[in-house]
Amino acid sequence: MTYQETLDWMFAQLPMYQLKGKSAFNGKLDNILKLANHLNHPEKKFKTIHVAGTNGKGSSSHMLASVLQEAGYKVGLYTSPHLKDFRERIKINGAHVGEEYVINFIDKNREFLTLNKLSFFEMTVGMAFDFFAMEQVDIAIIEVGLGGRLDSTNIIIPEVSLITNIGLDHMDMLGTTLPEIASEKAGVIKPNIPVVISEYQQEVAEVFLRAAQERNAVIVFAAHESLPDYKTSLLGNYQKMNVKGVLATLKQLKGYHVTEEHIIAGLLKVVENTGLMGRWQILGEEPLTVCDTAHNGEGLSVVIQQIHQQKFKTLHLVLGFVKEKNLEAILPLFPKEATYYFCAPQIERKLDENILKERAGAYGLFGDVYKSVVEAFEAAKNGAKSSDFIFVGGSNFVVAEVV
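Residues numbered from 1 in each chain as written. Predicted model: local features only at pLDDT ≥ 70, side-chain atom pairs only at ≥ 80, totals over all residues. Heavy atoms only, no water.

We now examine the sheet that holds strand β9 (residues 281-284). Reading across the sheet, the 6 strands line up as β9-β10-β14-β11-β12-β13 and stay open at both edges, with mixed pairing between neighbours. What marks the edges here is a single partner per strand, and that holds for β9 and β13 (367-369). For this sheet the average axis-to-axis angle between neighbouring strands, irrespective of direction, equals 20 degrees. Sheet analysis places β9 next to strand β10 (residues 288-292), joined by 3 bridges and oriented antiparallel. Bridging across to β10, Gly-284 finds its partner in Thr-289. Against the sheet, helix α13 (residues 297-308) touches β10, β11 (315-319) and β14 (389-393), its axis set at about 170 degrees to β14. (Pairing = 2+ DSSP bridges. Helix = DSSP H or I, 4+ residues; strand = E, 2+ residues; numbered from the N terminus. Axes fitted to C-alpha atoms, helices over the stretch in contact; angles between N-to-C directions. Contact = heavy atoms within 4.5 Å.)

In C-alpha cells form, the structure reads like this:
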C-alpha cells in the first residue's frame, strides 16, 4: 500500500475517537496489552514521562520534549490528535516518523491488527512505542489520549507522571463531576513513581493525594512549589501554569542532566524544536488573527480572558464545535459584542453550523452561517479592518483547517 492507502486503511478500522466520538472509546487495556506482547513489549525498552490532564497536556508535553532536546537527549514525543498530518503524533527530536515506517509497520502487523480488531488509537500507540524502541530514544514524552486509567498509553511505567489539571470534558466517558474525572486521570499514578500536579484545584486535590498515598508515590503540587518564573515562546497566559508543572516534573526526573540553561532555551524554542501548532498561534497581523485549540469550558474561559486583553475595534469570531460539547457551559463565556462566523469542521462528529447559530442566538451571540471553516475564515478576513481582531477556534478540527 502507499502511505495514503495505509492511512485510509487505519482510519477505516474500528471507529476512531477523533472522528466518531464515544462509540470509538474502548475503555479496556486488553487490546493494547495484546499488541504490546505481539511487538515484544517495546514500551519496556525506553524511559518515559507520562502526561495527562484536561487542558495543557499537549503544551506541557512539547515543553518537556524541547527542554530535554536542548539538554542533548534523543527525545520521542507521542501526542494526539494531529492537526494536519498523521505523523505529527509520533516524533523524535521534532522530526515526524517517516512515511515508510508507517507503511511497513501496518504491512507487517496487518493480519494481527485485523484479527484482534485493534482501534485506530491502539495501533497508533503500538506504532509509536515500536518506533521509539527501534530508534533507542533516551526518553519519550507520552501524552494520554483520553482520561488515564484505561487509556492505551497507560501500559508504561514512567520515570515521572504529570497531570496538568482537571476540567469538565468528555463527561460521557469519564464522569460528570470533577472528582470522578480526576479519579480516571489519577489512573496514570504508578506505585513508587513520583507524580506532579500542575494546577492546585481544591475539589480534586484529595483524589490525587489519596491515589498517591495508596500507591506510595511522591506527589508534588507545582502551584505550591517555589519555582523560577521562566518565559516560554508559547503564547497564551495559560502557559504560566503549564511551565510550573514542567519545571516540577524536571525536578523529579532522576538520571538526566538538565541545567537552567537547557530549561531557558527549551522553553523559548518549543515550536522550533517540536513543531507544536495551534496554541494561541498568530496567523496574521493587521488585523491580528489568532487560533487556539481550546475546546472546553475551562480552556476557552482562559483564552477568552486573553482575547479581552487585546486592543481592537471590532472582534470577529470564527467558531465551530463537535456535537458532544456542553454548549450551555461554553456559549455564555463568549462576548456578545462581536461578529460571529458560525461553521462546522469537516468530520462526522461536527455540530451542524445552523444548530450552532440557533443555540448561540439564545445567548445573544449573532452572526452568519458558512458552509465550511475556510469560507467562514475568508469572510472574517474580508469583513475585518486592520484595527480589528480575528479569533478562530472552538475545536481542534476547526483550527486544523486554518493552520
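So much for the structure itself; the text now carries on.
Next up on the list: helix α16 (residues 373-383). For α16, every residue scored as buried is listed here: Val-373, Ala-376, Phe-377, Ala-379 and Ala-380. Down the axis of α16, the buried side of the element spans an arc of 160 degrees, and every buried residue falls inside it. On the buried face of α16, the contacting elements are β9, β10, β11, β12 (339-342), β14 and α17 (396-400). (Buried < 20%, exposed > 50% of the residue type's maximum accessible area, 1.4 Å probe, protein only. Arc of directions from axis to C-beta.)

With 5 of its 5 residues buried, β14 lies for the most part within the structure. Burial along β14 is two-sided: Phe-389, Phe-391 and Gly-393 and Ile-390 and Val-392, pointing in opposite directions, are all buried. Bridging between β10 and β14 involves 5 bridges; their strand directions are parallel. Each residue of the ladder has a partner; that of Asp-292, found in β14, is Gly-393. As paired elements, β11 and β14 share 5 bridges and run parallel to each other. Residue His-316 lies in a different strand from β14, and its bridge partner there is Ile-390.

The subject of this paragraph is unusual backbone geometry. Of note, the bond from Ser-80 into Pro-81 is cis; its omega dihedral lies within 30 degrees of zero at -5 degrees. Position of Pro-81 among the secondary structure elements: in the loop between β2 (75-78) and β3 (90-92). In this chain, Glu-286 is followed by Pro-287 through a cis amide linkage whose omega measures 0 degrees. Phi at Asn-216 is positive, roughly 55 degrees, even though this residue is not glycine. When you line up the elements, Asn-216 lands in the loop between α9 (202-214) and β8 (219-221). For Asn-216, a relative accessible area of 57% translates into the label exposed. Positive phi values are uncommon outside glycine, yet Glu-286 reaches one of about 50 degrees. For Glu-286, the location among the structural elements is in the loop between β9 and β10.

Moving on: the environment of Thr-289. In this structure, Thr-289 sits in strand β10. Between the C-alpha atoms of Thr-289 and Ile-390, which are 101 residues apart in sequence, the distance is 4.6 Å. If near-sequence neighbours (up to four positions away) are discounted, Thr-289 is found in contact with Gln-281, Ile-282, Leu-283, Gly-284, Phe-377 and Ile-390.

Here we come to the pairing of β11. Within β11, 5 of the 5 residues are buried, which leaves the element mostly enclosed by the surrounding structure. Here β11 shows a buried face lined by Leu-315, Leu-317 and Leu-319 and a second buried face lined by His-316 and Val-318. As defined by bridge partners, β11 adjoins β12 across 4 bridges and the pair is classed as parallel. Residue Leu-317 lies in a different strand from β12, and its bridge partner there is Tyr-340.

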